[in-house]
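Architecture at a glance
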Amino acid sequence: MTGNEIREKFLKFFEEKQHLMLPSASLIPQDDPTLLIIGAGMAPFKPFFTGKMKPPSPRITTCQKCVRTGDIENVGRTARHHTFFEMLGNWSFGDYFKEGAIEMSWDLLTRVIGIDPARLVVTAHESDDEAAAIWRKVAGKEAIRLGKDNWWSAGDTGPCGPCSEIFYDFGEDVPGGMPGTPDEDGGRFVEIWNDVFMQYDRDANGNLTPLPNKNVDTGAGLERWAAMLQGKFDNYDTDLFVNLKRAVSDVTGVAETPENR
Ligand code: GLY
């Protein structure tokens, strides 16, 4: 599946489940002094989570252009981090919650896309027995329970909540351990989807106030899905990058080597 086909398949799946498909917003945040640049699919929707604005639909899906600065020091060091990337996502604003989000993630990955469930590992926040029980029921999976790695927010303040991540196992030839182990960053288990259960608004003092609604915010990196579905371990070897790299080589006259990758 090409990157374009993956993008289309994801958006169509959620459109068929009554999500309004919207185009990516600009990388430059509109009316949000807390953000320099859009770093997640949910960022343009913050006023919908806080209740400041009414969303055009209680269910939305997008493929959002992102630049994530929080882990930018990993770019060039791992096979899965980027400066610019595209984030696929589905949102519920006071509509479905944990069960709907988990069921749809699992259905898309295993039935529609056809990923072997044995290659998927799931996590849930240490406090979130409800999400863990849903994973048992929907997928027969025991979620690994984590603390801060299963809590998501777009910044120091604003909408946030516990999250549940899905990791793809690239196989035992790739070094690296399971989520929550000391060598989890090795690259064998790569996070390919995050279901965030947006329930709270965090203020500058760290106080959590329940949001007016229980919401869902998800994020799935297009480039990681391309690596997973194209049998490549390295995102930069997928069709989303090879033509760009070839063009750079043509223009500069410098061939790609393991040293200058
Ligand atoms: N908003 C969820 C994520 O970016 O992982």
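Now for a look at the structure at hand. Fair warning: this is a prediction, and the values are worked out from it, not measured in the lab. (Residues numbered from 1 in each chain as written. Predicted model: local features only at pLDDT ≥ 70, side-chain atom pairs only at ≥ 80, totals over all residues. Heavy atoms only, no water.)

**Describing helix α5 (residues 222–229)**
We count it as follows: Exposure categories follow from relative accessible area, calculated using a 1.4 Å probe and restricted to protein chains: below 20% of the type maximum is buried, above 50% is exposed, and the middle band is partly exposed. Runs of E in the DSSP output that reach at least two residues are strands. Runs of H or I that reach at least four are helices, and both are numbered from the N terminus.
With respect to burial, α5 is a largely interior element, 7 of its 8 residues being buried. Of all the positions in α5, only L222, E223, R224, W225, A226, A227 and M228 are classed as buried. Of the residues one or two after α5, G231 is the one with positive phi, at around 65°.

**Re the site of the ligand**
Rule in force here: Note on terminology: near, applied to a residue and a molecule or strand, indicates that one of the residue's heavy atoms is within 4 Å of it. Residues adjacent in sequence count toward polar contacts only when both atoms are side-chain atoms; beyond that, a polar contact is any pair of N or O atoms within 3.5 Å, and within protein one must be able to donate a hydrogen and the other to accept it. Under the convention used here, a 1.4 Å probe and the Shrake-Rupley method define accessible areas, while residue burial counts only the protein chains that appear. When residues are sorted by character, Ala, Val, Leu, Ile, Met, Phe, Trp, Tyr, Cys and Pro go into the nonpolar class, Asp, Glu, Lys and Arg into the charged class, and all the rest, Gly among them, into the polar class.
Looking at the ligand, the residues that line it are A40, M42, R68, M87, W152, N194, V196 and D217. At a separation of 3.2 Å, an oxygen atom of the ligand approaches a polar side-chain atom of N194. For the ligand, a nitrogen atom lies 2.8 Å from a polar atom in the side chain of D217. Protein contact buries 98% of the 200 Å² of open area that the ligand shows by itself. Classifying every residue of the shell around the ligand by side-chain character gives 5 nonpolar, 1 polar and 2 charged.

**Overview of the packing of helix α3 (residues 98–112) against helix α4 (residues 129–139)**
The condition that has to hold: Note on geometry: axes are C-alpha line fits, over the in-contact stretch for helices, and angles between N-to-C directions span 0 to 180 degrees. Under this scheme an angle from 65 to 115 degrees is roughly perpendicular, one under 35 degrees roughly parallel, and one over 145 degrees roughly antiparallel; angles in between are oblique. In this scheme, a crossing is called left-handed if the near helix is turned counterclockwise away from the far one by less than a right angle; it is called right-handed if the turn is clockwise. Pairs of residues are marked as contacts when any of their non-hydrogen atoms sit within 4.5 Å.
At a closest axis distance of 10 Å, the pairing of α3 and α4 adopts a crossing angle of 40°. The orientation of α3 with respect to α4, classified from their angle, is oblique. The handedness of the crossing between α3 and α4 is right-handed. Residues K98, E99, I102, E103 and W106 of α3 lie in contact with α4, whose contacting residues are E130, A131, I134, W135, K137, V138 and A139. Residue composition of the contact of α3 with α4, grouped by class: 7 nonpolar, no polar and 5 charged.

**A few points about the packing of helix α1 (residues 3–16) against α3**
Closest axis-to-axis distance for the α1/α3 pair is 11 Å, and the angle between their directions is 130°. Considering the angle they form, α1 stands oblique to α3. Relative to α3, the crossing made by α1 is right-handed. Together, K9, F10, F13 and F14 of α1 and M104, D107, L108, R111 and V112 of α3 make up the contact between the two elements. Broken down by class, the residue content of the contact of α1 with α3 amounts to 6 nonpolar, no polar and 3 charged.

**What to know about α4**
The criterion, for reference: The directions from the helix axis to the C-beta atoms form the arc being described.
All of the buried residues in α4 are A131, A132, I134 and W135. Buried residues of α4 fall within an arc of 160° about the axis and therefore sit on the same side. In α4, the exposed positions that point more than 90 degrees away from the buried face belong to D129 and K137. Those residues of α4 that are buried lie in contact with α3, β4 (120–125), β5 (144–146), β7 (158–169) and β8 (189–202). Where α4 terminates, the next one or two residues include G140, which has phi positive at roughly 65°.

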